[in-house]
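Residue-level structure breakdown
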Amino acid sequence: MFDWLKNIITKVRSLSSSVDKFKKETVIQSLPSYTYVNRAKLLIEQNKYEEARNILLEALELPQKDALVYKYLGSAYEKLGEFDKAVDSYQTSADLNPQDRIIWQRLGFALISVKKYENAVKSFENATRIQPNNSDTYTGWGMALMRLQKFSEAHDKFLEAVKHYKYNFTAVFLCAVMEIKLEMFDKAEAKLTFLANVCPNANNTFEFARLKYLKHDYDSAIHYAKKSIDFNSKMLPSYLLLGELYAMKFDCENSQKYFSEAEEKDLKNSALYLEWGKALEKFERYDEAKIKLLKALELEPDNLEITSYLGLCCVSKKELEEAKPLLEKVLEKESENKIVKQALGIIAFEEDDIDKAIELLRIDDEDAVNCYYLAKCYEKLNKDTKVKDYYEASIRLNPKYITAFTDYSKYLVSRKDYADAQRKLRKALKADDNNVVLLNLMFYASYMLVKENLCEYNVKETISIADKIENIDRNLFEYPEQKAELTAILQKNAERD
């Protein structure tokens, strides 16, 4: 009979409890939305972003619109990664309270996240009008300009940010990044040295490595790239840089090591397989390079750089018909692409269009591959001086270019220049000491030199080359009669003694 009374008492107690909580949580008790805001702020501080969002969404049902509700709702959305909703909430808050610098600032950062960079610039301008000289505002402003490719203007904003707070390490770092982009290398180095001493981390250490790379200080670049990985083992750009740097130093083992490590750590994307494929092409491992480049293209089918290198790889494998449509696709959009021109130059050579090949390959005669094919072109034209010049350039640019060494040595042997052939083969064998083709050439050049100037020591050295080939595979030794002749000479000398 008294259940109705019991229910009323319970409701009154509940209401009283809510009122007490309301009084406790809000200072301005005439605005009930403050209760929601204060509770949401506490939840945001506790990283309970979904609960904070739900409370603030409840507050939106109140009759009055409160800028603070939208401001903290924007913050909750931002923490949850829902940047479009964050932008809408911050914009509404800014419309309701356009004199709040923090709202314009947060709106600016949210707009950067949704790639609305021009709007972000305007938002940071508004924040600065309300409160000038704020370091964070200038940092965000610079970030928006940076995304708009306005590097000089972005640099100025980052400098302004640092001017107002010298320990704004983000601004110092981004300022250095812009200085690298603007080729102000000495200024960038001073800032990155400061960061390396004060707050080293994976990002600024990687940028230091990249700066050293651009300054051609490759050993220091390797040092800092490795250090970057020590800070963050998932730092993909550092693995790519190390793979590229070791390829430039013609260290195939270490180059492949860092690409493989990135793949093992599941850092797989088109950039990894592109750089990996490029390095493998440099080491003449074209079958493996093609596999990597096909993976890269699968991940990013419209990437013209990948397409051009895949086309070049197919040409290197003499798969000309497969290469041609790939190269044509790139030419439609990039008519001056150097990789495509290199590939077309090689195709012209293979199709015996020597004049066209020379025209295309001479566009970049500081490339080892181009120089090799230019040598081959002039070989067909019987221009001895140019043949030698371009072969020399090719092996200078890539001292481990085995194909260039092989063909150069064959050319020298064909010209009966056995001494020079022998010198080139010695260099080549330092890079690939069990290469049977090189060893056969070395035996033949040495044999011919022994014939010209008989010397027991040289005879023994030449026979040892033959023995080495036969130990690898007896069937691969091409000069058994010449070896027998040298062995007979040694026997005669022994009998005479």
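Every chain is numbered on its own, with residues counted from 1 as its sequence reads. Per-residue local features are limited, in this predicted model, to residues with pLDDT of at least 70; the limit for side-chain atom pairs, both in listing and counting, is 80 or more; totals at the level of whole chains, interfaces and linings are taken over all residues. As a rule here, side-chain values cover all heavy atoms of the structure and leave hydrogens and water aside.

To continue, consider the overall build of the protein chain. Secondary structure elements are defined from DSSP: runs of H or I of at least 4 residues count as helices, runs of E of at least 2 residues count as strands, and each element is numbered from the N terminus. Secondary structure summary: the protein chain contains 28 helices and zero strands in total. Radius of gyration (C-alpha) of the protein chain: 35 Å, far over the 23 Å computed for a compact globule of 497 residues. Principal-axis analysis of the C-alpha atoms gives the protein chain an extent of 135 × 50 × 45 Å. Relative to its full complement of 497 residues, the protein chain shows a buried share of 47%. In the protein chain, the proportion of contacts linking residues at least 24 apart, taken out of those at least 6 apart, comes to 47%. Areas reported here follow the Shrake-Rupley algorithm with a probe of radius 1.4 Å; residue values treat only the protein chains shown as occluding. Accessible surface computed for the protein chain: about 26,300 Å², of which carbon and sulfur atoms make up 48%. A positive count includes Lys and Arg, and a negative count includes Asp and Glu. His and the chain ends are not counted in either. Working definition for charges: the position is that of NZ of Lys, CZ of Arg, CG of Asp or CD of Glu. Each charge class in the protein chain was averaged separately, 75 positive and 82 negative side chains, and the resulting centres sit 5 Å apart. Computation of the radius of gyration draws on C-alpha atoms alone. For the globule rule, the value is 2.2 Å times the number of residues to the power 0.38. Only protein chains enter the accessibility calculation, which uses a 1.4 Å probe; a residue is then buried when its area is under 20% of its type maximum, exposed when over 50%, and partly exposed in between. The contact definition used throughout considers only heavy atoms, calling two residues in contact when any of these lie within 4.5 Å.

Here the focus is the packing of helix 8 (residues 135-147) against helix 10 (residues 169-181). In this analysis an axis means a line fitted to C-alpha atoms, helices contributing only their contacting stretch, and an angle means the value between N-to-C directions, from 0 to 180 degrees. Packing of helix 8 against helix 10 brings their axes to within 10 Å, and their N-to-C directions diverge by 30°. When the axis of helix 8 is compared with that of helix 10, the two are roughly parallel. In this structure, helix 8 meets helix 10 at a crossing whose hand is left-handed. Facing Thr139, Met143 and Met146 of helix 8, the residues of helix 10 in contact are Thr170, Ala171, Leu174 and Met178. Just so you know how the angles are binned, under 35 degrees is roughly parallel, over 145 roughly antiparallel, 65 to 115 roughly perpendicular, and the rest oblique. Helix crossings fall into two classes, left-handed where the near helix is turned counterclockwise from the far one by less than a right angle and right-handed where it is turned clockwise.

Relative to the helices and strands, Ala428 resides in helix 25 (residues 418-431). With 23 residues separating them in the primary sequence, Ala428 and Phe405 have C-alpha atoms 6.2 Å apart. Residue contacts for Ala428: discarding those within four places in its chain leaves Ile402, Phe405 and Leu438.

Further remarks concern helix 8. To estimate the expected span of a helix, subtract one from its residue number and multiply by 1.5 Å. The terminal C-alpha atoms of helix 8, which comprises 13 residues, lie 19 Å apart, in line with the 18 Å expected from a rise of 1.5 Å per residue. Within the sequence span of helix 8, burial applies to Ser135, Thr137, Tyr138, Thr139, Gly140, Trp141, Gly142, Met143, Ala144, Leu145 and Met146. Against the buried residues of helix 8 lie helix 6 (101-113), helix 7 (117-130), helix 9 (151-164) and helix 10. Between a side-chain oxygen at the N-terminus of helix 8 and the backbone nitrogen of Asp136 the separation is 3.1 Å; the capping residue is Asn134. Residue Gln149 follows helix 8 closely and has a positive phi angle near 65°. In protein, a polar contact requires one atom able to donate a hydrogen and another able to accept it; more generally it is a pair of N or O atoms within 3.5 Å, and residues adjacent in sequence count only if both atoms are side-chain atoms.

Take the packing of aromatic side chains next. What counts as a ring pair is set by centres within 6.5 Å for rings of Phe, Tyr and Trp (its six-membered ring), and what kind of pair is set by the plane angle: stacked under 30 degrees, edge-to-face over 60, tilted for all other angles. All told, the structure shown has 24 aromatic pairs when counted by the stated rule. With 5.5 Å between their ring centres and 65° between their planes, Phe349 and Tyr373 make a pair best called edge-to-face. Within this pair, whereas Phe349 is found in helix 20 (residues 338-350), its partner Tyr373 is found in helix 22 (residues 368-380), the two being separated by 24 residues in sequence. Between Tyr391 and Tyr408, the ring centres sit 4.8 Å apart and the planes meet at 15°, which makes this aromatic pair stacked. Here Tyr391, found in helix 23 (residues 384-397), pairs with Tyr408, found in helix 24 (residues 402-414); they are 17 residues apart in sequence, far enough to count as distant. What links up through ring pairs into an aromatic cluster is the set Phe349, Tyr372, Tyr373, Tyr391, Tyr401, Tyr408 and Tyr411. Throughout this description, the term charge over a ring refers to an Arg CZ or Lys NZ atom that lies within 6 Å of the ring centre and within 35 degrees of the ring normal. For Lys157, the ring lying beneath its charged end belongs to Trp141, and the centroid distance is 3.9 Å. Sitting over the ring of Phe349, Lys380 keeps its end group 4.6 Å from the ring centre.

One way to put it is that helix 19 (residues 320-333) packs onto helix 20 with a least axis distance of 10 Å and a crossing angle of 145°. Of the two elements, helix 19 crosses helix 20, and the hand of that crossing is left-handed. Between helix 19 and helix 20, the contacting residues are Leu320, Lys324, Leu327, Val330 and Leu331 on the first element and Val340, Ala343, Leu344, Ile347 and Glu350 on the second. Three residue categories are used. Nonpolar comprises Ala, Val, Leu, Ile, Met, Phe, Trp, Tyr, Cys and Pro, charged comprises Asp, Glu, Lys and Arg, and polar comprises the others, including Gly. Residue composition of the contact of helix 19 with helix 20, by class: eight nonpolar, no polar and two charged.

Let us now look at empty space enclosed by the protein. The way it works is a 1 Å grid over only the protein atoms, where trapped points that fit a 1.4 Å probe form a cavity and open points with protein on both sides within 12 Å along at least five of seven lines form a pocket, and then any residue with an atom within 4 Å of a point lines it. Grid points are joined across faces, edges and corners, and a volume is the space filled by probe spheres set on the points. A complete count under the given rule lists one cavity of 30 Å³ or more for this structure. In this structure, the largest cavity occupies an estimated 30 Å³ of space. Along its surface, the largest cavity is lined by Ala196, Pro200, Thr205, Tyr224, Lys227 and Phe231. Sorting elements by how many residues they give to the lining of the largest cavity places helix 13 (residues 218-231) first, with three residues. Across the lining of the largest cavity, the residue classes break down as four nonpolar, one polar and one charged.

Per-residue confidence from the prediction method is given by pLDDT, with values spanning 0 to 100. Taken as a whole, the protein chain shows an average pLDDT of 91; of its residues, 93% reach a score of 70 or greater. By mean pLDDT, helix 1 (residues 3-25) is the weakest element of the protein chain at 40, and helix 17 (residues 286-299) is the strongest at 98. Across residues 1-30, confidence stays below pLDDT 50; counting only partners more than four residues off in sequence or on other chains, it has 14 contacts.

So, about helix 9. The α-helix advances 3.6 residues per turn, and as a result positions three or four apart in sequence lie on the same side. Taking 1.5 Å of rise per residue, 14 residues should cover 20 Å, and helix 9 covers 20 Å from first to last C-alpha, within 8% of that figure. All of the buried residues in helix 9 are Phe151, Ala154, His155, Phe158, Ala161 and Val162. Down the axis of helix 9, the sector holding all buried residues measures 120°, keeping them to one side. Where the residues of helix 9 are buried, they touch helix 8 and helix 10. What the arc covers is the set of directions going from the helix axis to the C-beta atoms.

This part is about the layout of surface pockets. Taken as a whole, the largest pocket encloses approximately 1,100 Å³ of empty space. Listed by contribution, the elements that provide at least two residues to the lining of the largest pocket are helix 14 (236-248), helix 16 (270-282), helix 18 (304-316), helix 20 and helix 22. With seven residues, helix 20 is the largest single contributor of residues to the lining of the largest pocket. Considering only residue class, the lining of the largest pocket consists of 19 nonpolar, five polar and 14 charged. For the second largest pocket, the calculated volume is near 260 Å³. Lining the second largest pocket are 13 residues, and of these Gln422, Arg426, Ser446, Asn458 and Glu461 sit closest to its centre. With six residues, the single largest contributor to the lining of the second largest pocket is helix 27 (residues 456-473).

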